[in-house]
Amino acid sequence: MSHRIKDLIAIVGLVVALTGSERVLAADDTSLPRVTVLATGGTIAGSGSGGGIGYQAGKVSAQDLIGAVPGIDKLAQISAEQVSSIGSQDMNDTVWFTLARRIDDILGKGEADAIVITHGTDTMEETAFFLANVLKTDRPVVLVGSMRPSTAISADGPANLFEAVKAAASDSAKGRGVLVVLNDTIHAARAVQKTNTTSVQTFLSPNGGPVGFVDPASVGFVQPMPSRAKPYALPAEPSLPRVEIVYAHANMDAAAVEDAVKRGAKGIVLAGVGDGNASKAAIAALANAAKQGVVVIRASRVGSGFVNRNVEVDDDTLGFAVSLDLNPQKARILAQLLIANGVTDPRAVQEAVGRR
Ligand code: GLU
């Protein structure tokens, strides 16, 4: 081969290489995965003044949030929709149903490859668990938030959003269910829990650890692929049955349980002491509620560990289910979905929670 032809081949190769890298850097690179960001509010969209501690959640739009993250356009083709602008302490059935239906619609029609939801951290684990139980998709759905508002010194939102998009856009996230990403860690919806009021390292999965890790360079999963249960159907109206959480404590009487029944609770979750226990008076009131057809699930206020059947409390006789690893707020959501689907028999409720 002559030198001229060799030079020509080298020049063509260089042009192809440059074109390739330019394409990857372009904001509208159609070879990148398509990620839709659904914004709901929360501290990640919070705004205050001058790095101080006061702020209002849900003030910054989805577009502005994404615009504040350098390099995010190299991870995915991003589109954004504002679903709500609320602090997640106000999260409710209407927003949940909107999210579930919109996600199934977007992913079902192939309009995106993955979803990222920006959300307040206070009830993030509840929205994640709700979606994990109702979504029809096996495409990545990642919830993300921040512990500091966008105006704080060292705001953690931009880094968390970058990592959430990176995780959602990764092939390895497919089939992993609904995930939560904050502070370099990836958690499964069932296991994750907010554990600290203010620390940026607040989300933990106390019983099994995170399912994976993400940093600006990589995404990796360290736990086996989960099996997927059939999703629960949602009622037509955005309203789930009333299920109350009753918090146990020393010197507890039957009043909180009896009041819940009087208010029309279809289910009661006990946030019990220790392994899901409560005073004799409270257990008797719960047994009475169960006899009347109220779904009763014993969970624990402790924050980690499993609540097992028939250890200190005779669940078989009293008509209770136990929550195993589900914390009270997640057991409540499962009870709501079960009751909405006509499942109230304690044995069937227990099957749905799981068995050890
Ligand atoms: N209460 C707010 C919320 O959950 C702030 C907590 C946060 O987002 O970190 O939306």
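Since the structure is predicted, the reported quantities are computational estimates derived from the model, not experimental observations.

The subject of this paragraph is the packing of aromatic side chains. Considering all chains together, one arrives at two aromatic pairs under this definition. Ring centres of Trp 96 and Phe 130 lie 4.6 Å apart, and the angle between their planes is 15°; this geometry places the pair in the stacked category. Residue Trp 96 is located in helix α3 (residues 93–108), and its partner Phe 130 is located in helix α4 (residues 124–134); the two are separated by 34 residues in the primary sequence. The residues Trp 96 and Phe 130 share a single accessibility class, namely buried. Members of the aromatic cluster, connected to one another through ring pairs, are Trp 96, Phe 97 and Phe 130.

Turning next to the nonpolar core. Counting 48 residues, the largest nonpolar core has Ile 103, Ile 117, Phe 130 and Leu 131 as its most contacted members. When residues of this core are assigned to their parent elements, the largest contribution, eight residues, is made by α3. Residue contacts for Phe 130: discarding those within four places in its chain leaves Trp 96, Phe 97, Ala 100, Leu 234, Leu 240, Ile 333 and Leu 337. Listed in part, the 29 residues of the second largest apolar core include Ile 72, Leu 161, Leu 179 and Phe 221.

In this section: the pairing of strand β7 (residues 178–182). The two faces of a sheet get side chains in turn, since along a regular strand they alternate between them. The buried count for β7 comes to five of five residues, which makes it a mostly enclosed element. Of the strand pairs in this sheet, strand β6 (residues 141–144) and β7 are connected by four bridges, and their pairing is parallel. Its bridge partner being in β7, Leu 143 is matched across the sheet by Val 180. Note on the crossover from β6 through helix α5 (residues 157–168) to β7: the handedness is left-handed. Sheet analysis places β7 next to strand β8 (residues 185–188), joined by four bridges and oriented antiparallel. Of the residues in β8, the one forming a bridge with Leu 182 is Thr 185. In this structure, the hairpin formed by β7 and β8 is closed by a connection of two residues, where Asn 183 is found at a positive phi of approximately 55°.

Within the structure shown, the criterion is met by 13 salt bridges. Here Lys 109 and Asp 105 are joined by a salt bridge, their closest N and O atoms 3.2 Å apart. By relative accessible area, which is 56% here, Lys 109 ends up exposed. You can call Asp 105 partly exposed: its relative accessible area is 27%.

When the pLDDT values of the chain are averaged, the result is 91; 90% of them are 70 or greater. Every residue in residues 1–26 is under pLDDT 50, and counting partners more than four places away or in other chains gives ten contacts.

The next point concerns the packing of helix α6 (residues 255–262) against helix α7 (residues 280–291). The geometry of α6 relative to α7 is characterised by a closest axis approach of 8 Å and an angle of 20° between their N-to-C directions. Comparing the axis directions of α6 and α7 gives the class roughly parallel. Along the contact surface, α6 presents Val 257, Glu 258 and Val 261, while α7 presents Ala 282, Ala 285, Leu 286 and Ala 289. Split into classes, the residues belonging to the contact of α6 with α7 amount to six nonpolar, no polar and one charged.

One open sheet holds the four strands; their spatial order is β13-β14-β15-β16, and the pairing between them is parallel. Looking at strand neighbours, the two that pair on one side only are β13 (243–247) and β16 (321–322), the edges of this open sheet. Alignment of strand β15 (residues 295–300) against β16, held across two bridges, turns out to be parallel. Considered in β16, the bridge of Ile 297 is made with Ala 321.

Attention shifts here to the site of the ligand. As a matter of local geometry, the ligand sits amid Gly 42, Thr 43, Tyr 55, Gly 87, Ser 88, Gln 89, Gly 120, Thr 121, Asp 122 and Ser 146. Within the side chain of Thr 121, one N or O atom sits 2.4 Å away from an oxygen atom of the ligand. Here Ser 146 contributes a backbone N or O atom positioned 2.9 Å from an oxygen atom of the ligand. Protein burial of the ligand: of its 280 Å² of free accessible surface, 91% is covered by the chains.

Turning our eyes to something else, we now look at the sheet that holds strand β5 (residues 114–118). Spatially, the eight strands line up as an open sheet ordered β4-β1-β5-β6-β7-β8-β11-β12, and their pairing is mixed. Strands at the two margins of the open sheet, each flanked by one partner only, are β4 (77–82) and β12 (219–221). Mean inter-strand twist for the sheet, computed between neighbouring axes without regard to direction, equals 25°. Along the sheet face, α4 touches β5, β6 and β7 and points at about 155° away from the line of β7. Its contacts with the sheet place α5 against β4, β5, β6, β7, β8, β11 (212–214) and β12, and it is angled at close to 160° to β5.

With that out of the way, let us pick up the pairing of β6. Residues Val 141 and Leu 143 point to one face of β6 and Val 142 and Val 144 to the other, with burial holding for every one of them. Here β5 runs beside β6; their pairing, made up of four bridges, is parallel. Along β6, the bridge assignment pairs Ile 117 with Leu 143. For the crossover that starts at β5, traverses α4 and ends in the parallel β6, the hand is right-handed.

The rules behind each value
- Residues numbered from 1 in each chain as written.
- Predicted model: local features only at pLDDT ≥ 70, side-chain atom pairs only at ≥ 80, totals over all residues.
- Heavy atoms only, no water.
- Phe/Tyr/Trp six-rings, centres within 6.5 Å; stacked < 30°, edge-to-face > 60°.
- Helix = DSSP H or I, 4+ residues; strand = E, 2+ residues; numbered from the N terminus.
- Buried < 20%, exposed > 50% of the residue type's maximum accessible area, 1.4 Å probe, protein only.
- Core = buried A, V, L, I, M, F, W, Y, C linked by side-chain atoms within 4.5 Å.
- Contact = heavy atoms within 4.5 Å.
- Pairing = 2+ DSSP bridges.
- Right-handed = clockwise from strand over helix to strand, strands pointing away.
- Salt bridge = Lys/Arg side-chain N within 4 Å of Asp/Glu carboxyl O.
- pLDDT = per-residue confidence, 0-100.
- Axes fitted to C-alpha atoms, helices over the stretch in contact; angles between N-to-C directions.
- Parallel < 35°, antiparallel > 145°, perpendicular 65-115°, else oblique.
- Nonpolar A, V, L, I, M, F, W, Y, C, P; charged D, E, K, R; others polar.
- Near = heavy atom within 4 Å.
- Polar contact = N/O pair within 3.5 Å; in protein donor to acceptor, adjacent residues only side chain to side chain.
- Areas by Shrake-Rupley, 256 points an atom, 1.4 Å probe, with all protein chains shown as cover.

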